[in-house]
Amino acid sequence: MSNSEGIDFGNGRVGSLFVKVLVPTLLGLTFSSLFLLVDGIFVGHGIGSEGLAAVNIVMPIFTMATGIGMMFAIGSSVVAAIHLAQDNIMAARQVVTQAFVSVLALGALLALILYAAPDRILSLLGAEGPLMDRCREYYMWFAPCGLCVMVQIVSQFIIRLDGNPNYSGLVEVVPACVNIFLDWLFIFPMGWGLMGAAFATSLGSFIGVLMSLWYFAGRSRVLSLTGSAFNSRIMRNVANMMRLGFSGFLGELSMSVLTIMGNYSFMKILGYDGVASFCIALYIFPVVYMICAAAAQSAQPIESYNYGKGAWDRVRTALRISIISSVSVGLLLTLLICFFPDAVVSVFIDDSSPVYGLCVRGLPLFALSFVFMAVSVCSINYYQAVERPVRSVVLTLLRGMVLPVVAFSILPFWLSSDGLWLAVPVAEALTFAVLLLLRALRA
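Residues numbered from 1 in each chain as written. Predicted model: local features only at pLDDT ≥ 70, side-chain atom pairs only at ≥ 80, totals over all residues. Heavy atoms only, no water.

K.L.:
Please explain the overall build of the chain as it appears in this structure.
P.N.:
Tallying secondary structure elements over the chain gives 15 helices and 0 strands in all. The C-alpha atoms of the chain give 21 Å as radius of gyration, which agrees with the globular expectation for 443 residues (22 Å, within 12%). Once the C-alpha set of the chain is aligned to its principal axes, its extents read approximately 60 × 50 × 35 Å. A burial count over the chain gives 60% of its 443 residues as buried. Counting only contacts in the chain whose residues sit at least 6 apart along the sequence, the fraction spanning at least 24 positions is 81%. About 16700 Å² of surface is accessible on the chain, with carbon and sulfur atoms providing 69% of the total. Computed over 23 positive and 22 negative side-chain charges, the inter-centroid distance for the chain is 16 Å. (Helix = DSSP H or I, 4+ residues; strand = E, 2+ residues; numbered from the N terminus. Rg over C-alpha atoms; globule rule 2.2 N^0.38 Å. Buried < 20%, exposed > 50% of the residue type's maximum accessible area, 1.4 Å probe, protein only. Contact = heavy atoms within 4.5 Å. Areas by Shrake-Rupley, 256 points an atom, 1.4 Å probe, with all protein chains shown as cover. Lys, Arg positive; Asp, Glu negative; His and termini not counted. Charge placed at Lys NZ, Arg CZ, Asp CG, Glu CD.)

K.L.:
Looking at this structure, how should I read the pattern of salt bridges?
P.N.:
Any two side chains of opposite charge can pair if their charged atoms end up close together. Applying the stated criterion to the full structure yields 6 salt bridges. A salt bridge links aspartate 313 to arginine 316; its shortest N-O distance comes to 3.9 Å. Of the two residues, aspartate 313 and arginine 316 both sit in helix α10 (residues 312–339), 3 residues apart, roughly one turn of that helix. When its relative accessible area of 44% is taken as the criterion, arginine 316 is described as partly exposed. Taking the shortest distance from any N to any O, the salt bridge between glutamate 428 and arginine 399 comes out at 2.6 Å. Within this pair, whereas glutamate 428 is found in helix α15 (residues 417–440), its partner arginine 399 is found in helix α14 (residues 389–415), the two being separated by 29 residues in sequence. Per residue, the accessibility class of glutamate 428 equals that of arginine 399, and both read buried. Taken together, the salt bridges that share partners define one network made up of Asp119, Asp133 and Arg136. (Salt bridge = Lys/Arg side-chain N within 4 Å of Asp/Glu carboxyl O.)

K.L.:
In this structure, what is going on with the environment of serine 254? I would like to understand it.
P.N.:
Structurally, serine 254 is set in helix α9 (residues 234–309). The sequence separation of serine 254 and methionine 64 amounts to 190 residues, and the corresponding C-alpha distance is 9.0 Å. The contacts of serine 254, once residues within four sequence positions are left out, are Gly400 and Met401.

K.L.:
Looking at this model, I keep getting lost on a nonpolar patch on the surface. Mind explaining?
P.N.:
Residues Leu397, Val402, Val406, Ile410, Phe413, Trp414 and Leu415 make up a contiguous nonpolar surface patch of about 720 Å² in total accessible area. On the secondary structure map, valine 402 appears in helix α14. For valine 402, a relative accessible area of 44% corresponds to the partly exposed category. (Patch = residues over 30% accessible without salt bridge, like charges linked within 9 Å, V, L, I, M, F, W, Y side chains within 5 Å.)

K.L.:
Before we go on, may I ask you to explain the environment of isoleucine 207 in this structure?
P.N.:
Locating isoleucine 207 in the fold gives a position in helix α8 (residues 193–216). A sequence separation of 28 residues divides isoleucine 207 from methionine 235, and the C-alpha atoms of the two residues are 30 Å apart.

K.L.:
Whenever I open this one, α10 confuses me. Can you help?
P.N.:
Count 3.6 residues to each turn of an α-helix, and residues three or four apart come out pointing the same way. For α10, with 28 residues, the first-to-last C-alpha span of 41 Å sits near the 40 Å given by 1.5 Å per residue. What α10 keeps buried is the set Arg314, Val315, Ala318, Leu319, Ser322, Ile323, Ser326, Gly330, Thr334 and Ile337. (Expected span 1.5 Å × (residues − 1).)

K.L.:
What should I look at first to understand α8 in this one?
P.N.:
The end-to-end C-alpha distance of α8 is 36 Å, a good match for the 34 Å that 24 residues give at a rise of 1.5 Å each. Of all the 24 residues making up α8, 17 are buried; the element is thus mostly covered by neighbouring parts of the structure. The first or second residue beyond α8 is glycine 218, which carries a positive phi of 100 degrees.

K.L.:
What am I meant to see in the confidence of the model for the chain here?
P.N.:
Predicted coordinates in areas of low pLDDT are best not read in detail. Here the chain shows a mean pLDDT of 82. Residues at 70 or above account for 93%. In the model, residues 1–6 has pLDDT below 50 throughout and makes 19 contacts with residues more than four positions away in sequence or in other chains. (pLDDT = per-residue confidence, 0-100.)

Here it is as structure tokens:
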């Protein structure tokens, strides 16, 4: 597939293709990470530790919406890429359209559920006592962004596959910049507190939807929307997308499980300050994850397209490049946090807060997970790209749900508060060991 930008996934040099897709993808995801960081900085300094704790309790809702978006984004882009490799453009367009219809329907359903019983949902997420009011303040204005986030994520994957990675990056960058500005405006000059932080996020994601609609309203190159998608194959295609992208959904869902399990564990041993300190760790964790995801997602269209062509050497080359890139970044950020924890923590919270000391001690332990995570993320994405969803699902379940739950349940009894911080690194290291075993057995 070639286009006016010179992106030919089937014949271009794999390294050059990877860089061409990586630059805008990394830029977009970096800005998305930056928005998360800045949100944490503004909440920490403008509202305080209670605000950080409230945001962390509500955040699983965001990761749930992101997971649904990722499921259809990955599934539709893999299926569409294979159709394009086989010169079946109409089938690719139908798949893309069906993905958008699916996320719109699920997004509307999620919104109805969230507003039907807010206090019950917040209680399940761990909100209690005086923190309930703070959580509710954030929740009621944050919930609308779920639908927008789903549409935005699917759009980015499809636009990237359509041969326009630059605009795909803009769909991430512009909303993130809007969000950052509105965060500052609503929290500081206007004094809207948590409501302002949540409202800024919702407005920013809505801008991303408008940009996506503008692109597909006659500006796409190959993957335009089509009315012929509503046919007898729609249920089969949607099921196939969900099957292929299910590990992407699990990856984000696992972040929700990790957050909820961590919140309960930190609350039990360290109280509200522990939850706030864990929140700072979870502001940093997605930054590393998104950089690794940028490498994985940049390799994905190359892997999927050449898998459709049967060019396995090119598929493996793309995988190798993505792993080397993400591991290098993971190692660099691990060293940064291990050697300069004070500088990193002071960005989020004043050193007079008890949260500061907890983070300075715990973040270097938590950062040991980054390199292992980098390899797992690229490998899981590779299995998705070449239609091996069972392997990607198994690895995702291990790193995101099974092993973290076990680690949070056991390690604090042995190592007290250090065990809380080491739960995620241990889970990531054990997943890496399983991945090595699978490759040794050629599974």
